[in-house]
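# Structure assessment
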Amino acid sequence: MKKGQGITVLKIGGSVITDKGKNEGAARYEEIERIAREISEFDTGLVIVHGAGSFGHPQAKRYELNGKFDPRGSIITHLSVKDLNKLVVSYLNDAGVNAIGIHPMNCVVSDDARIKSMFLAHIQEMIDRGFVPVLHGDVVMDERLGTSVLSGDQIVPYLAFKLKAERIGIGSAAEGVLDGSGKTIGRITPDNFDQIKQFISGSANTDVTGGMLGKVLELLNLSESSNITSYIFNAGQAGNVSGFLSGEDIGTAISKAEY
Ligand SMILES: Nc1ncnc2c1ncn2[C@@H]1O[C@H](COP(=O)(O)OP(=O)(O)OP(=O)(O)O)[C@@H](O)[C@H]1O
Ligand SMILES: [Mg+2]
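Conventions and cut-offs
Residues numbered from 1 in each chain as written. Chains lettered and ligands numbered in written order. Predicted model: local features only at pLDDT ≥ 70, side-chain atom pairs only at ≥ 80, totals over all residues. Heavy atoms only, no water. UniProt positions renumbered as here; feature names shortened; annotations may be inferred. Helix = DSSP H or I, 4+ residues; strand = E, 2+ residues; numbered from the N terminus. Contact = heavy atoms within 4.5 Å. Polar contact = N/O pair within 3.5 Å; in protein donor to acceptor, adjacent residues only side chain to side chain. Core = buried A, V, L, I, M, F, W, Y, C linked by side-chain atoms within 4.5 Å. Buried < 20%, exposed > 50% of the residue type's maximum accessible area, 1.4 Å probe, protein only. Pairing = 2+ DSSP bridges. Axes fitted to C-alpha atoms, helices over the stretch in contact; angles between N-to-C directions. Phe/Tyr/Trp six-rings, centres within 6.5 Å; stacked < 30°, edge-to-face > 60°. 1 Å grid on protein atoms, 1.4 Å probe; cavity = no way out; pocket = protein on both sides within 12 Å on 5 of 7 lines; lining within 4 Å.

## Quick notes on the UniProt feature "site: Transition state stabilizer" (unreviewed entry) in the chain
Per the UniProt record, the feature "site: Transition state stabilizer" (unreviewed entry) sits at Lys-20. By secondary structure assignment, the location of Lys-20 is in the loop between α1 (14-17) and α2 (29-40). Residue contacts for Lys-20: discarding those within four places in its chain leaves Gly-14, Ser-15, Gly-53, Ser-54, His-57, Ser-203, Asn-205, Thr-206 and Asp-207. A distance of 2.6 Å separates the side chain of Lys-20 from the side chain of Asp-207, its partner in a polar contact.

## With respect to the nonpolar core
Among the nonpolar cores identified, the biggest contains 39 residues, and Met-118, Ile-123, Leu-135, Leu-159, Ile-188 and Val-216 are the most heavily contacted of them. Taken together, the elements giving at least two residues each to this core come down to β2 (46-50), β5 (114-118), α5 (121-128), α6 (152-162), β9 (167-172), α7 (193-196) and α8 (211-225). Every residue in contact with Val-216, bar those within four places of it in the chain, is listed here: Val-177, Ile-188, Phe-193, Ile-200, Ile-232 and Ile-254. The next biggest cluster of nonpolar side chains, apart from the first, holds 31 residues, and it includes Ala-36, Val-134, Tyr-231 and Ala-253.

## Some remarks on the sheet that holds strand β6 (residues 132-136)
Note on sheets: strands pair through backbone hydrogen bonds, and any given pair is parallel or antiparallel. Spatially, β3-β6-β2-β1-β9-β11-β12-β10 is the arrangement adopted by the 8 strands of the open sheet, whose pairing is mixed. Both edges of this open sheet fall to β3 (99-101) and β10 (187-188), since each of them pairs with a single strand only. Sheet topology places strand β11 (residues 230-234) next to strand β12 (residues 252-254); 3 bridges connect them, and they run antiparallel. Looking at β12, one finds that Ser-230 is bridged to Ile-254. The sheet contacts of α8 involve β1 (8-12), β9, β10, β11 and β12, and relative to β11 the element is tilted by about 160 degrees.

## Brief notes about the packing of aromatic side chains
The full count for this structure, using the stated rule, is 2 aromatic pairs. For the ring pair Tyr-231 and Phe-244, a centre distance of 6.3 Å and an interplane angle of 55 degrees mean the geometry is tilted. Taken as a pair, Tyr-231 in strand β11 and Phe-244 in helix α9 (residues 240-245) lie far apart in primary sequence, 13 residues in all. The burial state of Tyr-231 is the same as that of Phe-244; both residues are buried.

## Structural notes on the UniProt feature "binding site: substrate" (unreviewed entry) in the chain
UniProt feature "binding site: substrate" (unreviewed entry): in the numbering of this structure it lies at Ala-52, His-57 and Gly-152. Spanning 101 residues, the named residues form one tight spatial group whose C-alpha atoms are at most 11.8 Å apart. Cross-referencing the annotated residues with the largest pocket identifies Ala-52, His-57 and Gly-152 as lining it. Along the chain, His-57 falls in helix α3 (residues 57-62). Positionally, Gly-152 belongs in helix α6. You can call Gly-152 buried: its relative accessible area is 4%. In contact with Gly-152, not counting residues within four places along its chain, are Lys-11, Val-49 and Gly-137.

Encoded structure:
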């Protein structure tokens, strides 16, 4: 990717960089290192968002942050995902990427669990100057609820729309969105979603933000207001992150219409 070629928003799923089936705070260091290396080849015009995995979902579930206001539980969850962000940012810097951690708690206000406003001037400035902002799923202040859980899957389309990004990739632990026989669905649009949605559910592990269905709904929602095509692919497979960043169409595409 060369400068001036447009912005890419890439999510690295918590299902890849942590062990979501294990205890709280189980990082997959080798995966973080590998992905950081793959990203380092294509780090121009890039914004990264990572999921919370075992550094956020179990905590948010334990303190019931989707249903009630719990200041202590919100802080414990926020501090935990911040730890994961520190790890990811540190591996990216070791790989030569000028990565800077950005915590949504510090720059987002939500209303009823949807982003109402987000301070973006620093993010735009960073991209223009060759830094790579690294955001993450977080707990944020919420005008109606006190705090709410903000999924990385909601941050990605929001940023892509506001920053007029050209490409979106959501790297997770499955090959893409799978159908009833485990085959990767090539493309999801508002036209075929009704036939496909029977195959899509939440997560096999603890996930307080809707698992695969949450992702697909966020990306379909974006397709109503933009022409951007998003790709859901397996970031756990070596070479896929660099493949996506080098321009490959990979996994399941989600877009406005079949073309
Ligand atoms: N049709 C489907 N195709 C693929 N995965 C599916 C499907 N339906 C449900 N899933 C589940 O969704 C999971 C991916 O969502 P999940 O939220 O667990 O990962 P993630 O978003 O990468 O993690 P995080 O939320 O921590 O960032 C898969 O591992 C699988 O268990
Ligand atoms: Mg998830």
